[in-house]
Amino acid sequence: MASFRPHVILSAAISLDGKIATRTGDSALSSKMDIKRVHKLRSRVDAILVGKNTVLQDDPMLTVRHVRGKNPVRVVLDSMGQIPTGSKIIQTSYDIPTIIAVSKKASRKNLARLGRFPVDVIISGKNKVELKPLLQFLHQAKIRTILLEGGGTTNWDFVNQGLVDEVIVTITPYLVGGQTAKTLVEGEGFSKISKSLRLKLHKIRRQNNEVILHYI
Ligand SMILES: NC(=O)c1ccc[n+]([C@@H]2O[C@H](COP(=O)([O-])OP(=O)(O)OC[C@H]3O[C@@H](n4cnc5c(N)ncnc54)[C@H](OP(=O)(O)O)[C@@H]3O)[C@@H](O)[C@H]2O)c1
């Protein structure tokens, strides 16, 4: 792990064919058991990070609910500061520390709107949120471990910049298909296998009808 930034664990539930959601954005792939496992994992990290589309699509709370444990800080990448004020993340920001990472493109209006809630707005980057300065800031704020919970576009930016240290994926028993259905890692992708991120298989666990793969 680089010392200037937190340790990043990419976590997701994927279909057998590598999708994280259907073409309509339905991402309900996880079993109850797996949700519980993820909540345990959440309770052990300092922050959870997601991209804006995941908030728009799933309206997640990103809290620890199915096991006992502390809630990590929630971090949302949202260049324009457009996260809806009605979203669960904003609505629960009175109780759970929340960081909205925006770029210089975020309008004054959106910043003022977010300013009405107890969220920390961090400006990083010109057009879209720049990850390295953001991670540096989070590290300085004593955030040492981040659970990266997608979606595919955000995962790609982390992978592409060499900012992923571990991957924990649950392979669920679904074949989803669909050219426009989001996959674990979206973006442009690497041109060669030799240039791709290569990890080492650390652990395999069977969980009923699912398999959990842990690569480091
Ligand atoms: N199965 C699972 O475990 C799982 C987990 C999470 C999500 N999902 C699914 O994934 C889908 C969403 O994935 P997605 O790929 O469309 O979107 P995403 O990764 O959730 O969000 C992408 C957006 O984040 C913003 N962003 C800001 N800075 C960024 C940066 N540096 N790098 C990347 N993004 C940045 C961008 O919007 P701005 O330009 O406006 O900032 C970008 O369009 C949903 O359907 C959700 O249900 C599934």
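Up top you'll find the structure we're talking about.
Residues numbered from 1 in each chain as written. Predicted model: local features only at pLDDT ≥ 70, side-chain atom pairs only at ≥ 80, totals over all residues. Heavy atoms only, no water.

Please give an account of the overall build of the protein chain that cites residues and values.
A tally of regular secondary structure across the protein chain gives six helices and nine strands. Computed over its C-alpha atoms, the radius of gyration of the protein chain comes to 17 Å, within 12% of the 17 Å expected for a compact globule of 216 residues. When the backbone C-alpha atoms are referred to their principal axes, the protein chain occupies close to 45 × 40 × 35 Å. Taking the contacts inside the protein chain whose residues are at least 6 apart along the sequence as the reference set, 73% of them involve residues at least 24 apart. Averaged over its 34 positive side-chain charges, the protein chain has a centre that lies 2 Å from the centre of its 17 negative ones. (Helix = DSSP H or I, 4+ residues; strand = E, 2+ residues; numbered from the N terminus. Rg over C-alpha atoms; globule rule 2.2 N^0.38 Å. Contact = heavy atoms within 4.5 Å. Lys, Arg positive; Asp, Glu negative; His and termini not counted. Charge placed at Lys NZ, Arg CZ, Asp CG, Glu CD.)

Which residues make up the sheet that holds strand β4 (residues 98–102), and what are the values?
Spatially, β5-β4-β3-β2-β6-β1-β7-β9-β8 is the arrangement adopted by the nine strands of the open sheet, whose pairing is mixed. Bordering the open sheet on either side are β5 (120–123) and β8 (201–207), each of which pairs with just one other strand. Sheet twist, expressed as the mean angle between neighbouring strand axes with direction ignored, is 20 degrees. Packing of helix α5 (residues 131–140) onto the sheet brings it into contact with β2 (47–51), β3 (73–77), β4, β5 and β6 (145–148), and relative to β3 it is tilted by some 165 degrees. (Pairing = 2+ DSSP bridges. Axes fitted to C-alpha atoms, helices over the stretch in contact; angles between N-to-C directions.)

Kindly report on the packing of aromatic side chains, identifying the contributing residues and their values.
Enumeration over the complete set of coordinates arrives at two aromatic pairs. Relative to F190, the ring of W156 lies with its centre 5.0 Å away and its plane at 65 degrees, an arrangement referred to as edge-to-face. Of this pair, W156 sits in helix α6 (residues 152–160) while F190 is found in the loop between β7 (166–171) and β8, placing the two residues 34 residues apart along the sequence. Judged by relative accessible area, W156 falls into the buried class, the value being 10%. (Phe/Tyr/Trp six-rings, centres within 6.5 Å; stacked < 30°, edge-to-face > 60°. Buried < 20%, exposed > 50% of the residue type's maximum accessible area, 1.4 Å probe, protein only.)

Which residues make up the site of the ligand, and what values go with them?
What surrounds the ligand is a group of 27 residues, the closest being T54, S79, T153, T154 and D157. I20 is positioned such that a nitrogen or oxygen atom in its backbone is 2.9 Å from a nitrogen atom of the ligand. For the ligand, an oxygen atom lies 2.6 Å from a polar atom in the side chain of T54. Out of a free accessible area of 930 Å², the ligand has 87% covered by protein chains. Sorting the residues of the shell around the ligand by element identifies β1 (7–14), α2 (52–58) and α6 as the ones contributing at least two each. Partitioning the shell around the ligand into residue classes produces eight nonpolar, 12 polar and seven charged. (Near = heavy atom within 4 Å. Polar contact = N/O pair within 3.5 Å; in protein donor to acceptor, adjacent residues only side chain to side chain. Areas by Shrake-Rupley, 256 points an atom, 1.4 Å probe, with all protein chains shown as cover. Nonpolar A, V, L, I, M, F, W, Y, C, P; charged D, E, K, R; others polar.)

A description of the nonpolar core should follow, citing residues and the corresponding values.
In terms of nonpolar packing, the biggest core is built from 29 residues, with L49, V75, L77, L134, L138, I146 and F158 touching the most fellow members. Looking at this core, the elements that each hand over two or more residues are β1, β2, β3, β4, α5, β6, α6 and β7. In this view, F158 contacts V8, L49, L77, L131, L135, L148, L163 and V164; residues no more than four positions away in its chain are not counted. If you look at the next biggest cluster of nonpolar residues, it comprises 14 residues, including L62, V76, A106 and V119. (Core = buried A, V, L, I, M, F, W, Y, C linked by side-chain atoms within 4.5 Å.)

An account of the pairing of β8 is needed here, citing residue identities and associated values.
In this sheet, strand β9 (residues 210–215) lies alongside β8 in antiparallel orientation, the contact comprising six bridges. Looking across to β9, one finds that R206 is bridged to V211. Between β8 and β9, which follow one another and run antiparallel, lie two residues, and N208 among them has a positive phi close to 50 degrees.

Can you explain a positive patch on the surface? Please cite residues and give values.
Together, K36, K40, R44, K203 and R205 make up a region of like positive charge exposed at the surface. You can see K36 is positioned in helix α1 (residues 32–43). (Patch = residues over 30% accessible without salt bridge, like charges linked within 9 Å, V, L, I, M, F, W, Y side chains within 5 Å. Salt bridge = Lys/Arg side-chain N within 4 Å of Asp/Glu carboxyl O.)

Honestly, it's all geometry; don't read function into it.
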